[in-house]
Amino acid sequence: QVQLVESGGGLVQPGGSLRLSCAASGSIFSINAMGWYRQAPGSQRELVAAITSGSNPNYADSVKGRFTISRDNAKNTVYLQMNSLKPEDTAVYYCNAVIRVDSRPYTYIYWGQGTQVTVSS
């Protein structure tokens with residue numbers, strides 16, 4: 001079984017910063033893309049940022065220039081550095097990963113449990 005465990009959420013004032021981490025563990029053969037999504041109350045879950053196995057990033061327009069996604073393949077961990085936070089960034093943030101659990105060419109998508117980020121004065 002595979003688990004994704006997030007950490008780093010919390011309450012921050014507008015203009016502040018937070019760093020989210022998500023570590024994958026369990027029966028992992030390899031990890032392809034990893035990403036961060038968020039869901040605000042009453043809204044659909046949306047992609048925030050994603051990163052390929054070769055560390056090529058992709059960002060939602062709303063976070064470009066403020067958020068940075070990175071990964072440590074040795075630790076099976078993805079990070080999201082969030083700077084210049086705005087109240088509209090308030091949401092539950094979820095990480096996900098596309099994972100091969102063995103040598104067969106099949107991948108599965110796993111999700112973390114979510115971590116709350118609240119931007120408020």
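Quick note: structure is the one above.
Residues numbered from 1 in each chain as written. Predicted model: local features only at pLDDT ≥ 70, side-chain atom pairs only at ≥ 80, totals over all residues. Heavy atoms only, no water.

1. Comments concerning the state of the cysteines
Line of reasoning, step 1. By the definition in use, this model includes one disulfide.
Line of reasoning, step 2. Put simply, Cys22 and Cys95 are joined by a disulfide, and their sulfur atoms are 1.9 Å apart. Handedness here is read from the sign of the S-S torsion; for Cys22 and Cys95, about 40°, the answer is right-handed. Of this pair, Cys22 sits in strand E3 (residues 18-26) while Cys95 sits in strand E9 (residues 91-100); the two residues are 73 residues apart in sequence, bridging distant segments of the chain.
Line of reasoning, step 3. Accessibility expressed as a relative area gives 0% for Cys22, which makes it buried. (Disulfide = S-S within 2.5 Å. Helix = DSSP H or I, 4+ residues; strand = E, 2+ residues; numbered from the N terminus. Buried < 20%, exposed > 50% of the residue type's maximum accessible area, 1.4 Å probe, protein only.)

2. What about the nonpolar core?
Line of reasoning, step 1. Leu4, Trp36, Leu80, Met82 and Tyr93 are the most contacted members of the largest nonpolar core, which totals 30 residues.
Line of reasoning, step 2. Every element with two or more residues in this core is listed here: strand E1 (2-7), E3, strand E4 (30-39), strand E5 (46-51), strand E7 (67-72), strand E8 (77-82), E9 and strand E11 (115-119).
Line of reasoning, step 3. It is E9 that contributes the most residues to this core, five residues altogether.
Line of reasoning, step 4. Once residues within four sequence positions are removed from consideration, Met82 is found in contact with Gly16, Ser17, Leu18, Leu20, Arg66, Phe67, Tyr93 and Val117. (Core = buried A, V, L, I, M, F, W, Y, C linked by side-chain atoms within 4.5 Å. Contact = heavy atoms within 4.5 Å.)

3. A closer look at the packing of aromatic side chains
Line of reasoning, step 1. One pass over the full model with this rule turns up one aromatic pair.
Line of reasoning, step 2. Ring geometry for Tyr37 against Trp111: centres 5.0 Å apart, planes inclined by 65°, an arrangement best described as edge-to-face. On the criterion of sequence distance, the pair formed by Tyr37 in strand E4 and Trp111 in strand E10 (residues 108-111) is long-range, its members being 74 residues apart.
Line of reasoning, step 3. Exposure remark for Trp111: the relative accessible area of 37% places this residue in the partly exposed category.
Line of reasoning, step 4. Across the ring face of Tyr94, the terminal group of Arg45 is positioned such that the distance to the ring centre comes to 3.7 Å.
Line of reasoning, step 5. When the ring centre of Trp111 is taken as origin, the NZ or CZ atom of Arg45, which lies over that ring, is 4.7 Å away. (Phe/Tyr/Trp six-rings, centres within 6.5 Å; stacked < 30°, edge-to-face > 60°. Lys NZ or Arg CZ within 6 Å of the ring centre and 35° of its normal.)

4. As for the sheet that holds E8
Line of reasoning, step 1. One open sheet holds the four strands; their spatial order is E1-E3-E8-E7, and the pairing between them is antiparallel. Here the strands that pair on one side only, and so sit at the sheet edges, are E1 and E7. Going across the sheet, the axis of each strand differs from the next one's by a mean of 15°, ignoring polarity.
Line of reasoning, step 2. Judged from the six bridges that link them, E7 and E8 form a sheet pairing that is antiparallel. Across the sheet, the residue bridging to Asp72 is Thr77, located in E8. (Pairing = 2+ DSSP bridges. Axes fitted to C-alpha atoms, helices over the stretch in contact; angles between N-to-C directions.)

Geometric values such as these leave the question of function open.
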